[in-house]
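Coordinate inspection notes
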Number of protein chains: 2
Amino acid sequence: MNLLLLLPDDFISSERVQIRGRRLQHVNKIIKAKPGDYLKTGLLNGEIGRAKILTLNNDVAELALELTDAPPPPLAITLILALPRPKMLRRILQAVTSLGVKQIHLIGSWRVEKSYWQSPFLAADKIHEQLLLGLEQAIDTRLPEVHRHPLFKPFVEDELDTIAGSSTRLIAHPHATTAIGSAPLQALTLAIGPEGGFIPYEVEKLAELDFTAVSLGPRILTVEVAVSSLVSRLAVNLETDKHSAHN
Amino acid sequence: MNLLLLLPDDFISSERVQIRGRRLQHVNKIIKAKPGDYLKTGLLNGEIGRAKILTLNNDVAELALELTDAPPPPLAITLILALPRPKMLRRILQAVTSLGVKQIHLIGSWRVEKSYWQSPFLAADKIHEQLLLGLEQAIDTRLPEVHRHPLFKPFVEDELDTIAGSSTRLIAHPHATTAIGSAPLQALTLAIGPEGGFIPYEVEKLAELDFTAVSLGPRILTVEVAVSSLVSRLAVNLETDKHSAHN
């Protein structure tokens, strides 16, 4: 937790908050903060700054806020991700949130086990929790949006074109012969298949929407490693990210 | 397991092997292979090809080998990594192996808990196991070398210059103001600190050896995400990797 992330419910007045539970425990046990100390603090979907600890015990801490800075700019990558195994999904959601992705579409695919959609980890509150952890890690406040599309065909036929809009459209495909180039991108929609990849029918359906298959290299990566690798690799080509990285 | 990785002990003649244990179980339970089927197969530190299943039961499988191709070229990145938490180390070793890193130096640092060095996960056989899993995932056969250096100062003063040789030297540092550029690299030595980063003294010691601090962007990543992100991001600049990716 590199950022104390505040929610609207924490406020007791316009510049004062109370925290309890997990975040308080972290402040007490890990940071070992004392009254008078300042913590890096941000408001969900709001500004970042610091908070001074006014009072602190095992039940509650009260802090005074000085939020002054905008959060880092969003990464212009929309992620279309075949639903991973639920245990892996948690780590992937944290990872892509920490990398700055703000639009995440979890989709069905031939190789996605249908039972995954019933996992308790897919409940809205569990997903929300992973997103908050990713923001706290990254020192960011803009909450990503996670959308669920269990059926591949209607998603691709009826929704994906609108979602991808004018962005560059890529599928990460382990057996693609095209390497990722260096052409600058304004925005990107990146589709990543399940372990084992999209099946040929799915690649064709995506190709009909002008998705190009690209490969990260000769090695086959787990979805978890591939997601972090691809997002970081492709962020190089984003004009917006280049700009922010140099600031 | 995308590759059946063979060890010298598996051979019963020059082109015939027997496998048991974890790999056999995977062939039986996950791949559900039958006699006559071919499996993607490689020999540790040797060639890749296929193997035909001759006989198969719950105790042992016998296969005939046809190994024909070289493994993918190594990634010219030497990784200097502050020892992560043991549980995370396992995943990181698998990830960097799957990304093609062949030289890994685990080092002590102010923020590395000394007790981590006593973890059973650091035993040579446990590390070896993670490396094999990474190779099986990536479809690669060249075993990475993992070196341990519990003491930061003697490692940096007496060994690191020789290890880094003529390669470009970078430290991934969350608070660095220099972004990763696009200058082509022949080879790279990349130092990644613990959660919380190297302390200023350590950054200075590395700077004395011409290590430059660079940042991936405005967000703070976990070591696990940072490693995959940085290796993939920096591989873009490697002349050797560019070449291999386009083949």
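Conventions used here
Residues numbered from 1 in each chain as written. Chains lettered and ligands numbered in written order. Predicted model: local features only at pLDDT ≥ 70, side-chain atom pairs only at ≥ 80, totals over all residues. Heavy atoms only, no water. Core = buried A, V, L, I, M, F, W, Y, C linked by side-chain atoms within 4.5 Å. Buried < 20%, exposed > 50% of the residue type's maximum accessible area, 1.4 Å probe, protein only. Contact = heavy atoms within 4.5 Å. Least-squares fit on C-alpha atoms with pLDDT ≥ 70 in both. Domains from an automatic or database assignment. Buried area = accessible area lost by both parts, 1.4 Å probe. Salt bridge = Lys/Arg side-chain N within 4 Å of Asp/Glu carboxyl O. Polar contact = N/O pair within 3.5 Å; in protein donor to acceptor, adjacent residues only side chain to side chain. Helix = DSSP H or I, 4+ residues; strand = E, 2+ residues; numbered from the N terminus. Nonpolar A, V, L, I, M, F, W, Y, C, P; charged D, E, K, R; others polar. pLDDT = per-residue confidence, 0-100. Pairing = 2+ DSSP bridges. Axes fitted to C-alpha atoms, helices over the stretch in contact; angles between N-to-C directions. Expected span 1.5 Å × (residues − 1). Bend = angle between axes of the 7 residues up to and from the residue.

What follows concerns the nonpolar core. One finds L190(A) and L190(B) to be the most contacted residues of the largest nonpolar core, which totals 110 residues. Excluding its chain neighbours within four sequence positions, the residues that come into contact with L190(A) are I77(A), T78(A), L79(A), I80(A), L170(A), A172(A), L230(A) and L234(A).

As a further point, take the relation of the copies chain A and chain B. For the pair chain A and chain B, the best superposition has an RMSD of 0.0 Å and corresponds to a rotation of 180° with a translation of 0.0 Å parallel to the axis. Such a combination of rotation and displacement between the chain copies is what one expects of a two-fold axis. A share of 97% of interface residues in chain A that are also interface residues in chain B marks the association as one of identical surfaces.

Moving on to the domain arrangement of chain A. All names here are of chain A. Each assigned domain of chain A is listed here: domain 1 (4–69) and domain 2 (75–246). Inter-centroid distance (C-alpha atoms) of domain 1 to domain 2 is 33 Å. With eleven residues of domain 1 in contact, the opposing surface of domain 2 contributes nine residues. Taken over both partners, the interface formed by domain 1 and domain 2 buries close to 790 Å², and the fraction arising from carbon and sulfur atoms is 67%.

Let's shift gears to the interface of chain A and chain B. Counting from both sides, the interface comprises 30 residues of chain A and, opposite them, 29 residues of chain B. The largest share of the area that chain A buries against chain B comes from Q137(A), R219(A) and I220(A), three residues that together contribute 24% of it. Linking chain A with chain B are two salt bridges, by the criterion used here. Salt-bridge contacts for R219(B) lead to D140(A); the nearest nitrogen and oxygen are separated by 3.0 Å. Counting across the chain A and chain B interface gives 14 residue pairs in polar contact (both at pLDDT 80 or more). Among the elements of the structure, helix 2 (86–99), helix 3 (124–138), helix 6 (223–235) and helix 7 (239–246) of chain A are those that each provide at least two residues to the side of chain A that touches chain B. With six residues, the top contributor of residues to the side of chain A that touches chain B is helix 6 of chain A. Among the residues forming the side of chain A that touches chain B, the class breakdown is 15 nonpolar, nine polar and six charged.

For N45(A), which is not glycine, the phi torsion reads 60° and is therefore positive. Looking at the element boundaries, N45(A) is found in the loop between strand 4 (38–43) and strand 5 (48–56).

In this section: the confidence of the model for chain A. Residue and element names in this part refer to chain A. In this model, chain A carries an average pLDDT of 93, and 97% of its residues clear a pLDDT of 70 or more. Across residues 243–247 the pLDDT falls below 50, and counting only partners more than four positions away or on other chains, this stretch makes three contacts in the model. Scored as a whole, the predicted complex attains pTM 0.93, and scored at its interfaces, ipTM 0.92.

The next thing to look at is the pattern of salt bridges. All names here are of chain B. Taken as a whole and judged by the stated rule, the model has 22 salt bridges over all chains. Residue E62 pairs with R16 through a salt bridge whose shortest N-O separation is 3.8 Å. Separated by 46 residues along the polypeptide, E62 in strand 6 (residues 61–69) and R16 in strand 3 (residues 16–19) bring together distant segments of the chain. On the accessibility criterion, E62 (18% relative accessible area) is buried. R16 gets classed as partly exposed once you look at its relative accessible area, which sits at 35%.

Let us look at the sheet that holds strand 3 of chain B. Residue and element names in this part refer to chain B. In space, the six strands of this open sheet follow the order 1-4-5-6-3-2, with mixed pairing throughout. The two strands at the open ends of the sheet, each matched to only one other strand, are strand 1 (4–6) and strand 2 (11–13). Averaged over all neighbouring strand pairs, the angle between strand axes comes to 40°, with direction disregarded. As paired elements, strand 2 and strand 3 share two bridges and run antiparallel to each other. Opposite F11, over in strand 3, you have V17 as the bridge partner. Contacting strand 1, strand 3, strand 4 (38–43), strand 5 (48–56) and strand 6, helix 1 (residues 21–30) runs over the sheet at an angle of about 80° to strand 5.

It is worth spelling out the sheet that holds strand 8 (residues 101–107) of chain A at this point. All names here are of chain A. If you trace the six strands from one edge of the open sheet to the other, you get 9-8-7-11-10-12, paired in parallel fashion. Looking at strand neighbours, the two that pair on one side only are strand 9 (145–149) and strand 12 (212–214), the edges of this open sheet. When the angles between neighbouring strand axes are averaged without regard to direction, this sheet yields 25°. Summarising the sheet, strand 10 (residues 168–172) and strand 11 (residues 188–192) pair through five bridges and their orientation is parallel. If you follow I171 over to strand 11, its bridge partner there is A191.

Turning to the environment of G181(A), a few remarks are in order. Residues and elements named next belong to chain A. For G181, the location among the structural elements is in the loop between strand 10 and strand 11. Separated by 33 residues in sequence, G181 and V214 have C-alpha atoms that sit 8.9 Å apart. Once residues within four sequence positions are removed from consideration, G181 is found in contact with R233 and N237.

Now for helix 4 (residues 152–164) of chain A. Given 3.6 residues to a turn, an α-helix orients residues that are three or four positions apart in the same direction. All names here are of chain A. Here helix 4 spans only 15 Å end to end across 13 residues, well under the 18 Å set by a 1.5 Å rise per residue. At D158, helix 4 shows its strongest bend, of approximately 45°. Turning to helix 4, its buried residues are F152, F155, V156, L160 and A164. Buried residues along helix 4 sit against strand 7 (75–82), strand 8, strand 9, strand 10, strand 11 and helix 5 (200–208). Positive backbone phi, at 50°, marks G165, one or two positions downstream of helix 4.

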